[in-house]
Amino acid sequence: MNPSTSPPVLACGEGQRPALTHWAAAVLSNGLGRYGEALAAAEQGSEYPDELGLATWSMVELIEAAARSGCPERAADALLRLSKATGASGTDWALGIEARSRALLSDGESAERLYLEAIERLGRTRVRAELARAHLLYGEWLRREHRRVDAREQLRAAYQMLAATGIDGFAERAKRELLATGETVRKRTVDTALELTPQEAQIARLARDGHTNSEIGVQMYLSLRTVEWHLHKVFAKLRISSRRQLRGMLPDLRHAAMPA
């Protein structure tokens, strides 16, 4: 599992087309919360031995769909197959996906530890959609653990990231979960997108001016991980995907910070 073999950028050969179609259907159905349909599509997509990359991605969707459909045995089998691929890769992306998938089949402290590992690992990659889904799944788990305040934090992060990147199905799922915690979700407008906290605005300005995350951390007495996390939130609020785009936000950033 690495960026060069992710389904969205594969050139579709004769054997890849059906595998890609089933994977896409599984993703769409998981986003809409139609887990039975997602499970059926993912099982079909994972049965392409000649298309290992696509089959692996379908297994990721299969695990989520099976776990949500009350079919842990089907999810466990897919997890075993997935772990062989992720273990061979050893990247933060691969291991983050495995941790997220394994968390779906875990309980208590073990589940929480795995969700946090997934967020930490995926946070070190550029795969924003998968990081957002990790926040979503963790938030859903927290809500079911009756930890509403913690759930809101995760679900809010997921919703902002998913809405900013146009992944509407999962964004709506995050929104429904947020509403279930009692939070009011405002429609995203230019004004709400630019609501940076003072700390986020300062980090955004420093990043815009060319400072590295390490340099920003030194100046603001923050850990590297904290700087990265705040930048992720800044990107989501501003609906951008790179530091380079911060330069285009120069006029707005002067007025972006809202009162603490």
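Residues numbered from 1 in each chain as written. Predicted model: local features only at pLDDT ≥ 70, side-chain atom pairs only at ≥ 80, totals over all residues. Heavy atoms only, no water.

> Could you give me a rundown of the nonpolar core, with the residues and numbers involved?
Taken as a class, soluble globular proteins show a tendency for nonpolar side chains to be buried jointly. Formed by 54 residues in total, the largest nonpolar core has its most connected members in Ile63, Tyr115 and Leu162. Apart from residues no more than four positions distant in its own chain, Leu162 is found in contact with Ala132, Ile167, Phe170, Ala171 and Ala174. Core analysis: the second largest hydrophobic core is formed by 16 residues, Leu196, Leu206, Val227 and Leu246 among them. (Core = buried A, V, L, I, M, F, W, Y, C linked by side-chain atoms within 4.5 Å. Buried < 20%, exposed > 50% of the residue type's maximum accessible area, 1.4 Å probe, protein only. Contact = heavy atoms within 4.5 Å.)

> Would you mind going over unusual backbone geometry in detail, with residue names and values included?
If you check the backbone angles, His146 has positive phi at about 65° while not being a glycine. Within the secondary structure, His146 is located in the loop between helix H7 (128-144) and helix H8 (148-164). (Helix = DSSP H or I, 4+ residues; strand = E, 2+ residues; numbered from the N terminus.)

> How would you summarise the pattern of salt bridges if you had to cite specific residues and measurements?
The tally for this structure, following the rule as stated, stands at 19 salt bridges. For Arg121, the salt bridge goes to Asp92, with nearest N and O atoms at 2.9 Å. Placement of Arg121 in helix H6 (residues 108-123) and of Asp92 in helix H5 (residues 92-103) is noted, with a sequence separation of 29 residues between them. The class for Arg121 is partly exposed, based on a relative accessible area of 22%. Take Asp92: its relative accessible area is 24%, and that puts it in the partly exposed class. With its nearest N and O atoms 2.9 Å apart, the salt bridge here joins Arg124 to Asp92. Note that Arg124 is positioned in the loop between H6 and H7 and Asp92 in helix H5, a separation of 32 residues in sequence. (Salt bridge = Lys/Arg side-chain N within 4 Å of Asp/Glu carboxyl O.)

> Let's hear about the packing of aromatic side chains: which residues, and what values?
Within the structure shown, the criterion is met by four aromatic pairs. Aromatic pair Tyr115 and Tyr138: ring centres 5.6 Å apart, planes at 25°, arrangement stacked. Of this pair, Tyr115 sits in helix H6 while Tyr138 sits in helix H7; the two residues are 23 residues apart in sequence, bridging distant segments of the chain. Classification of Tyr115 by relative accessible area gives buried; the value is 2%. Take Tyr138: its relative accessible area is 4%, and that puts it in the buried class. Between the aromatic rings of Tyr115 and Trp141, the centroid separation amounts to 6.2 Å while the plane-to-plane angle is 45°, which identifies the pairing as tilted. Of this pair, Tyr115 sits in helix H6 while Trp141 sits in helix H7, and the two are 26 residues apart along the sequence. Taking relative accessible area as the criterion, Trp141 reaches 12% and is therefore assigned buried. Taken together, the aromatic side chains of Tyr115, Tyr138 and Trp141 make up a single cluster linked through ring pairs. (Phe/Tyr/Trp six-rings, centres within 6.5 Å; stacked < 30°, edge-to-face > 60°.)

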